[in-house]
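Below are the chains, spelled out letter by letter.
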Amino acid sequence: MKEFLGFGGYTREPEGAYSWQHLLFVGTLLTVMTLLAIWLGRKNRNKTLAQKNKVIIASAILIDAFEIFKITILCLRADGGPSFKPILQTLPLFLCSIQLIAIPLAAFTKGRIEEAALDFVSIFGLLGAVCGTIGAAQNYGCYPVLSMDNVVSGITHCISGFAALYIMISGMERMRRKNMVITYGILIFFCIAAYVANVLIDYNYMFLMRGDGTPYDILYNLVSGNPVLYPALVVGLFLIYIYAFYSIFHLIAKKKEKAAV
């Protein structure tokens, strides 16, 4: 257990990015995530919204519980003894981490906030699950596959993906255009908060400062790391992705309506 939690550092060598161990582990997580979402989504599709919401409530509790557990361990095993400093590097200011707030909002609020939160989880949950498992290559070059850092990260990212798939399959999504402004607002608020935090503590939330071995490096290199253009392009891509998701959703919905007629 001490080795799994990383107290004193890991003695095992990391298996490496895209090693068979990395791909087998994240592939298993993504498969379980997908099958569970399909099963529960189809099972609850014709139930009331309150009954459907029980699964989102459970997801909200689990994702935050795992994250609190991870932060606690990071604080306990900090260099030089227990410290609260790791909290500064685990704030919910990555695109994937926003789900730590968005899923509870979807589970415990009502009205347009609930609808916008459901949309936000639907839009970014599955993307975060894939990017945070298969795409998180740097993590598997730093830590062993079966370590607290990678296991908890994999689980929390897959809970986000599960919630997104479940919302869509069970019919909880709203995707009303009038709520798009709130969805944009949520994203822009966290982007601003992430940028301010990056400047104050010299970090890279939302990858707004540099690519750090992720696909964002393409943008970073494209503008030669320009401190204004690079973060602007990253945020712009987020906004375009939201608009594209809404547009494709409504296009598919219209085709289904015509087919039904």
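Owing to the predicted nature of the structure, the values given are computational and were not obtained by experimental measurement. (Residues numbered from 1 in each chain as written. Predicted model: local features only at pLDDT ≥ 70, side-chain atom pairs only at ≥ 80, totals over all residues. Heavy atoms only, no water.)

**Student:** Run through the overall build of the protein chain, naming residues and quoting values.
**Tutor:** Within the protein chain, the regular secondary structure consists of 10 helices and zero strands. Scanning the protein chain from its N terminus toward the C terminus, one meets helices and strands in the order α-α-α-α-α-α-α-α-α-α. Computed over C-alpha atoms, the radius of gyration of the protein chain comes to 19 Å, within 12% of the 18 Å expected from 2.2 N^0.38 for 261 residues, which places it in the range of a compact globule. Overall, the protein chain is about 65 × 45 × 35 Å in size when its C-alpha atoms are taken along their principal axes. In the protein chain, buried positions account for 45% of the 261 residues. Within the protein chain, contacts between residues separated by at least 24 positions form 73% of all contacts whose residues are at least 6 apart in sequence. Counting only carbon and sulfur atoms, one obtains 69% of the accessible surface of the protein chain, whose full area is about 13,600 Å². Each charge sign in the protein chain was given a centre, from 22 positive and 15 negative side chains, and these centres are 14 Å apart. (Helix = DSSP H or I, 4+ residues; strand = E, 2+ residues; numbered from the N terminus. Rg over C-alpha atoms; globule rule 2.2 N^0.38 Å. Buried < 20%, exposed > 50% of the residue type's maximum accessible area, 1.4 Å probe, protein only. Contact = heavy atoms within 4.5 Å. Areas by Shrake-Rupley, 256 points an atom, 1.4 Å probe, with all protein chains shown as cover. Lys, Arg positive; Asp, Glu negative; His and termini not counted. Charge placed at Lys NZ, Arg CZ, Asp CG, Glu CD.)

**Student:** Could you give an account of the state of the cysteines, naming the residues involved and the relevant values?
**Tutor:** Scanning the entire structure with this criterion turns up zero disulfides. Summary of cysteine pairing: Cys142 is not part of a disulfide, and the nearest cysteine sulfur, belonging to Cys96, is at 16 Å. (Disulfide = S-S within 2.5 Å.)

**Student:** Can you explain the pattern of salt bridges? Please cite residues and give values.
**Tutor:** Tallying each qualifying case throughout the model produces five salt bridges. A salt bridge links Glu115 to Arg176; the nearest nitrogen and oxygen atoms lie 2.6 Å apart. Separated by 61 residues along the polypeptide, Glu115 in helix α5 (residues 111–131) and Arg176 in the loop between α7 (148–170) and α8 (180–201) bring together distant segments of the chain. Taking the relative accessible area as the measure of exposure, Glu115 reaches 12% and is therefore buried. Residue class for Arg176 comes out partly exposed when judged on its relative accessible area of 37%. (Salt bridge = Lys/Arg side-chain N within 4 Å of Asp/Glu carboxyl O.)

**Student:** Account for α8, with residues named and values stated.
**Tutor:** For α8, spanning 22 residues, the distance from its first C-alpha to its last is 31 Å, which sits close to the expected 32 Å at 1.5 Å a residue. For α8, the complete set of buried residues consists of Met180, Thr183, Ile186, Leu187, Phe190, Cys191, Ala194, Ala197 and Asn198. All buried residues of α8 project into a common sector of 130° when viewed along the axis, lining one side. With respect to the buried face of α8, the exposed residues turned more than 90 degrees away are Val181, Phe189, Ile192, Val199 and Leu200. Looking one or two residues beyond α8, the residue adopting positive phi is Asp202, at roughly 55°. (Expected span 1.5 Å × (residues − 1). Arc of directions from axis to C-beta.)

**Student:** Explain the packing of aromatic side chains residue by residue, including any values.
**Tutor:** Using the criterion set out here, one finds 13 aromatic pairs in the structure. Here Phe124 and Tyr241 contribute two aromatic rings whose centre-to-centre distance is 5.4 Å and whose plane-to-plane angle is 45°, an arrangement assigned as tilted. Taken together, the residues span a long stretch of sequence, with Phe124 in helix α5 and Tyr241 in helix α10 (residues 229–260) at a distance of 117 residues. Judged by centre distance (4.8 Å) and plane angle (65°), the ring pair of Tyr203 and Tyr205 falls under edge-to-face. Using a relative accessible area of 22% as the deciding quantity, one classes Tyr203 as partly exposed. Assessed through its relative accessible area of 0%, Tyr205 is described here as buried. In this structure an aromatic cluster arises from ring pairing among Phe94, Tyr203, Tyr205, Phe207, Tyr216 and Phe238. (Phe/Tyr/Trp six-rings, centres within 6.5 Å; stacked < 30°, edge-to-face > 60°.)

**Student:** Could you give me a rundown of the nonpolar core, with the residues and numbers involved?
**Tutor:** Formed by 59 residues in total, the largest nonpolar core has its most connected members in Ile56, Leu187, Met206 and Phe238. Sorting the residues of this core by element identifies α2 (20–44), α3 (49–76), α4 (99–108), α5, α7, α8, α9 (216–222) and α10 as the ones contributing at least two each. Top element by residues in this core is α7. It accounts for nine residues. Once residues lying within four places of it in the same chain are set aside, the contact partners of Leu187 are Leu95, Phe120, Phe124, Phe238, Leu239 and Ile242. Membership of the second largest hydrophobic core comes to six residues, among which are Leu5, Ile73, Met148 and Val152. (Core = buried A, V, L, I, M, F, W, Y, C linked by side-chain atoms within 4.5 Å.)

**Student:** Give a description of the layout of surface pockets that names residues and reports values.
**Tutor:** A volume near 320 Å³ is recorded for the second largest pocket. As for the second largest pocket, its lining consists of Arg45, Met168, Ile169, Glu173, Phe245, Ile248, Phe249, Ile252, Ala253 and Lys256. Those elements giving two or more residues to the lining of the second largest pocket turn out to be α7 and α10. With six residues, α10 is the largest single contributor of residues to the lining of the second largest pocket. When grouped by side-chain class, the residues that make up the lining of the second largest pocket number seven nonpolar, no polar and three charged. (1 Å grid on protein atoms, 1.4 Å probe; cavity = no way out; pocket = protein on both sides within 12 Å on 5 of 7 lines; lining within 4 Å. Points joined across faces, edges and corners; volume = space filled by probe spheres on them. Nonpolar A, V, L, I, M, F, W, Y, C, P; charged D, E, K, R; others polar.)

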